[in-house]
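Structure at a glance
Okay, here's what each chain looks like letter by letter:
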Amino acid sequence: MIITSKDSIPIEKTFKVEAGPGAGKTDFLVNHIKNVVQNSKRLFCTRKIACITYTNTGVETILSRLGKNVSEKVEVSTIHSFLYRNIVKPYAAFIPEEYRLNYSLLNGHDDLFVNGENIRKWISNPSFDSLKKPNSKNQLLKIPEQFNALKNWILSMQCTYENGIAKFYCNYGKALYITDKATIGITKGNLDVLSKKLLDLKKLYWAEGKIDHNDVLFFSVVLIDKYPFILEVLRAKFPYIFLDEYQDTSPIQAHIIDKIKEKETIVGVIGDKAQSIFSFQGANPSLFESFNADSDCQFKIVQNHRSTKEIVDFLNIIRKDIEQEPINCKSGNKIYIVIG
């Protein structure tokens, strides 16, 4: 169904809105939140709307457009901040002892970081005696270039959800260290050995009370799978959850949202699969396509308020899923394609 960014849609049904560049996705989201705040009978002082976006800039933009009166009834945050605040932090004491998280030292979450001392502790484990040349345990520990290749591999770590399990993985193509003279890498066989013990490396950080964005996702799944009552609390607290830029959702994030929306909570997503920019963090645009909403609650916004007529015409040539309409768009420069 075609709508505009100013149109109202039902507030008590899960929905999906697909919109191209310049369509006014943020305007639609802000208008819908205001509509829910004004008309919902399920919002109270302890029940709010959760609005999730993927950057801090997006959070600030939405808050500024909502205004103070409305924003008091909405929790606007990134996905990691939302999960940390509502799942990981309040229920950290429930995380199984096998993960060795020192929750008494827990103080927020951060970007992925690596600590050379922890990596050396990890590699020194007898289980890595099976590593073979040219990346034996001693070589990884004593040859700086190999150690740096190992660090680069670890820095590519992501958390995903496969076959009902949350797990960590690293990009094998990142296990490199490039110098002026050569490129030093780690063989696939040795990376296979290292991959099986990634959780042991994470536990060294967790014992220090340090967690990153990936850990927030991992522990959120651990907690809601082991303690379903947490989902009930989330649904009671947030009768509505809206996600902006859903094309940048990863499998593990989608799993968490799917669990929440199994009952009671209304979930709405907005996005454009052609604008996914977080594939390096495990984002999968196909999750936006497969998001389940009733056929009468799947919408498209085809207007473009931002681009010149030439740009809109060009976009309509290179993509066929959305044919945009230029609205109040002036004519501009000729389009050039730069390849290289």
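Since this is a predicted model, take the numbers as computed values, not measurements. (Residues numbered from 1 in each chain as written. Predicted model: local features only at pLDDT ≥ 70, side-chain atom pairs only at ≥ 80, totals over all residues. Heavy atoms only, no water.)

1. Details of helix α4 (residues 79-88)
- Most of α4 sits out of view: 8 of its 10 residues are buried.
- By the burial criterion, the buried members of α4 are Ile79, His80, Phe82, Leu83, Tyr84, Asn86, Ile87 and Val88.
- Turning to α4, the residues buried within the fold contact β3 (49-53), β4 (74-78), α10 (213-226), α11 (229-237), β9 (240-243) and α12 (251-260). (Buried < 20%, exposed > 50% of the residue type's maximum accessible area, 1.4 Å probe, protein only. Helix = DSSP H or I, 4+ residues; strand = E, 2+ residues; numbered from the N terminus. Contact = heavy atoms within 4.5 Å.)

2. Here we look at the sheet that holds strand β11 (residues 298-301)
- Judged by pairing direction, the sheet is parallel, and its 7 strands sit side by side in the order β1-β11-β2-β10-β9-β3-β4 without closing on themselves. Each end of this open sheet is capped by a strand with a single partner; those strands are β1 (2-3) and β4.
- Direction of pairing for β3 relative to β4: parallel, over a ladder of 5 bridges. Bridge assignment links cysteine 51 to a residue of β4, and that residue is valine 76.
- Packed onto the sheet, helix α2 (residues 56-66) meets β3 and β4 and runs at close to 160° relative to β4. (Pairing = 2+ DSSP bridges. Axes fitted to C-alpha atoms, helices over the stretch in contact; angles between N-to-C directions.)

3. A look at the nonpolar core
- In this structure, Trp122 and Trp153 are the most contacted members of the largest nonpolar core, which totals 68 residues.
- For this core, the leading source of residues is α10, giving 8 residues.
- If near-sequence neighbours (up to four positions away) are discounted, tryptophan 153 is found in contact with Trp122, Cys170, Asn171, Tyr172, Lys174, Ala175, Leu191, Leu194, Ser195 and Leu198.
- Counting 29 residues, the second-largest nonpolar core is a separate cluster that includes Val30, Val59, Val76 and Phe242. (Core = buried A, V, L, I, M, F, W, Y, C linked by side-chain atoms within 4.5 Å.)

4. Brief notes about α12
- Buried residues dominate α12, accounting for 7 of its 10 residues.
- Listing the buried residues of α12 in full gives Ile252, Gln253, Ala254, His255, Ile256, Ile257 and Ile260.

5. Some words on the pairing of strand β2 (residues 15-19)
- Burial runs high along β2: 5 of the 5 residues are buried.
- Burial of β2 is two-sided: the residues Phe15, Val17 and Ala19 facing one way and the residues Lys16 and Glu18 facing the other way are all buried.
- Note that β2 and strand β10 (residues 266-271) share 4 bridges and pair parallel. In the sheet register, glutamate 18 faces β10, and the bridge partner there is glycine 271.
- Relative to β11, β2 runs parallel, the two being bridged by 4 bridges. From the neighbouring strand, valine 17 faces β11, where its bridge partner is phenylalanine 299.

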